Amino acid sequence: MRLNYPIIFPLNQLTYVGEDDSEFFCQIHGRRFNALSSRYMLPADEEEVRRSELQHKTIQFLFNGKNYVGPIADILKPKEAQERCRILDLGTGGGFWAIDIADEFPSAEVIGVDLAPVQPREVPANCTFELCDLDQFYLPYPSEHFDVIHARFMHTGIENYPRFLHEIARMLRPGGLVILIEPDTEPIADEKSASHFIRSGQPSGMRGWFTLWETYRRCLRDKGIDVNIPPELSNLVASTGEFERIVSQEGNIPIGFWPKDPVALSIGQLAWMNYDIMLPAMKPLFLSSGMRDWEAKKLIEEAHQDLYYPLVRASSRLHIVHAVKKAKHP
């Protein structure tokens, strides 16, 4: 089937993308970016779609072959005389999660939302994609409309994440499920975080890698992003007062080929490929933040050196939260 993209703009203007979708992209320092948001500063091109797929496969390994955590299957069970269940995937990227969920739950309506039309045109009949800048005070979706809302790897494009969570709560029906997954931007070496090495004064063994992530975090702060959102996810969800049965988990993601366990090794290989693509994708952000070209190039090269020839065991941390929206009381 042929897929159309409903484009939801902040003013609720609706249009459709035909064969030419170039108006939804712009060029920044030699890479293609979305044209809807200047806050989210990672590219929207084929390399980034490939990275989105690597992230998706990583999560599947972490979740033992599943695409989700929480009671999604129970929530999406067909009920007599009830309208179709609805699933909203915020920050869908390449659309891999939305497509897989649409295949797994063919009776549900799945909507994937992103800043750029980089998703496949051929998708399951119950899956559609929309374009919307989610960094808004009010999102253009009805209240109590969705049974499941999924959002991952997107806090770096949201200035007011607590407000974003309130919008998720508004759009979820009572008893609906939210699933949030966000990576920590603080690097880890030999199971010790960057803050540990700063406090102890010990060398990390990955100076270039740590310097790059410190710079990335500084650039995000300059864009108005709170880099401490991921470890605070469960507290932020609780602070809305809208959710119950809040479950918080951490996923330790090895980077590279050092794990002995076969599943951990597969995760490590996927993570290594993800970061191999991500490092050069950061360059436009660094240049836009005022860094000179040779400085950005050197920063990325030294981080790549640590990735290619590691002296220590690198890893990262995922923060995973799922919760159920509280039922209304009469």
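Residues numbered from 1 in each chain as written. Predicted model: local features only at pLDDT ≥ 70, side-chain atom pairs only at ≥ 80, totals over all residues. Heavy atoms only, no water.

### Quick word on the overall build of the chain
Line of reasoning, step 1. Broken down by element type, the chain carries ten helices and 13 strands.
Line of reasoning, step 2. On C-alpha atoms alone, the chain measures out to a radius of gyration of 20 Å, which is about the 20 Å that the 2.2 N^0.38 rule sets for 330 residues.
Line of reasoning, step 3. Here the C-alpha coordinates of the chain stretch approximately 60 × 45 × 35 Å along the principal axes.
Line of reasoning, step 4. Of the contacts formed within the chain by residues at least 6 apart in sequence, a portion of 71% connects residues at least 24 apart.
Line of reasoning, step 5. For the chain, the exposed surface amounts to about 15,300 Å²; the carbon and sulfur share of it is 51%. (Helix = DSSP H or I, 4+ residues; strand = E, 2+ residues; numbered from the N terminus. Rg over C-alpha atoms; globule rule 2.2 N^0.38 Å. Contact = heavy atoms within 4.5 Å. Areas by Shrake-Rupley, 256 points an atom, 1.4 Å probe, with all protein chains shown as cover.)

### Topic: the packing of aromatic side chains
Line of reasoning, step 1. The final tally for this structure, using the stated rule, is ten aromatic pairs.
Line of reasoning, step 2. Where Tyr68 meets Phe105, the ring centres are 6.2 Å apart and the plane angle is 45 degrees; that geometry is what we call tilted. Within this pair, whereas Tyr68 is found in the loop between helix H1 (46-62) and helix H2 (72-75), its partner Phe105 is found in the loop between helix H3 (96-104) and strand S6 (109-114), the two being separated by 37 residues in sequence. Exposure class is identical for Tyr68 and Phe105. Each is buried.
Line of reasoning, step 3. Grouping aromatic residues by their ring pairs yields a cluster made of Trp209, Trp213, Tyr216 and Tyr275.
Line of reasoning, step 4. Here Arg163 stacks its cationic end above the ring of Phe137, 3.8 Å away from the centre of that ring.
Line of reasoning, step 5. Above the ring of Trp258, the side-chain terminus of Arg313 is found at 5.5 Å from the ring centroid. (Phe/Tyr/Trp six-rings, centres within 6.5 Å; stacked < 30°, edge-to-face > 60°. Buried < 20%, exposed > 50% of the residue type's maximum accessible area, 1.4 Å probe, protein only. Lys NZ or Arg CZ within 6 Å of the ring centre and 35° of its normal.)

### Points about unusual backbone geometry
Line of reasoning, step 1. Phi at Asn64 is positive, roughly 55 degrees, even though this residue is not glycine.
Line of reasoning, step 2. Looking at where Asn64 falls in the secondary structure, it is placed in the loop between H1 and H2.
Line of reasoning, step 3. Not every positive phi belongs to a glycine, and Glu191 is a case in point at roughly 65 degrees.
Line of reasoning, step 4. As for its position among the elements, Glu191 is in the loop between strand S10 (188-189) and strand S11 (192-193).

### Considerations on the pattern of salt bridges
Line of reasoning, step 1. Under the counting rule described, the total for this entry stands at 16 salt bridges.
Line of reasoning, step 2. The residue Glu109 makes a salt bridge to Arg86 at a minimum N-O spacing of 3.9 Å. Pair noted here: Glu109 is in strand S6 and Arg86 is in strand S5 (residues 86-90), with a separation of 23 residues, a long-range link.
Line of reasoning, step 3. Classification of Arg86 as buried rests on a relative accessible area of 15%.
Line of reasoning, step 4. Taken together, the shared-partner salt bridges connect Arg39, Asp135 and Glu159 into one network. (Salt bridge = Lys/Arg side-chain N within 4 Å of Asp/Glu carboxyl O.)

### Digging into the packing of helix H6 (residues 207-222) against helix H10 (residues 293-308)
Line of reasoning, step 1. Interhelical geometry of H6 versus H10 gives an angle of 130 degrees and a closest axis separation of 7 Å. One element, H6, and the other, H10, form an angle in the oblique class. Helix-helix and strand crossings are classified by hand; for H6 and H10 the assignment is left-handed. Contacts between H6 and H10 involve Arg207, Gly208, Trp209, Thr211, Leu212 and Thr215 on the former and, on the latter, Leu299, Ile300, Glu302, Ala303, Asp306 and Leu307. (Axes fitted to C-alpha atoms, helices over the stretch in contact; angles between N-to-C directions. Parallel < 35°, antiparallel > 145°, perpendicular 65-115°, else oblique. Left-handed = near helix turned anticlockwise from the far one by under 90°.)

### What to know about the confidence of the model for the chain
Line of reasoning, step 1. With 92% of its residues at a pLDDT of at least 70, the chain reaches an overall mean of 91.
Line of reasoning, step 2. Ignoring residues within four places in sequence, the model shows residues 1-7, a span with pLDDT below 50, making 37 contacts including any to other chains.
Line of reasoning, step 3. Long-range and interchain partners of residues 9-18, a stretch whose pLDDT sits below 50, account for 21 contacts in this model, where long-range means more than four residues apart. (pLDDT = per-residue confidence, 0-100.)

### Focus on the packing of H1 against H3
Line of reasoning, step 1. Between H1 and H3, the least distance of the axes is 9 Å, while the angle of their chain directions is 50 degrees. The orientation of H1 relative to H3 falls into the category oblique. Contact residues: Val49, Ser52, Glu53, His56 and Gln60 in H1; Phe96, Trp97 and Asp100 in H3.
Line of reasoning, step 2. Per-class residue counts for the contact of H1 with H3 are three nonpolar, three polar and two charged. (Nonpolar A, V, L, I, M, F, W, Y, C, P; charged D, E, K, R; others polar.)

### What to know about H10
Line of reasoning, step 1. In a regular helix each residue adds 1.5 Å, so 16 residues correspond to 22 Å; H10 covers 22 Å between its end C-alpha atoms and thus fits that length.
Line of reasoning, step 2. Within H10, burial applies to Ala296, Leu299, Ile300, Ala303, His304, Asp306 and Leu307. Taken around the axis of H10, the buried residues stretch over an arc of 160 degrees, which confines them to a single face.
Line of reasoning, step 3. Looking at the buried positions of H10, the neighbouring elements they touch are H6, helix H8 (262-281) and helix H9 (283-288). (Expected span 1.5 Å × (residues − 1). Arc of directions from axis to C-beta.)

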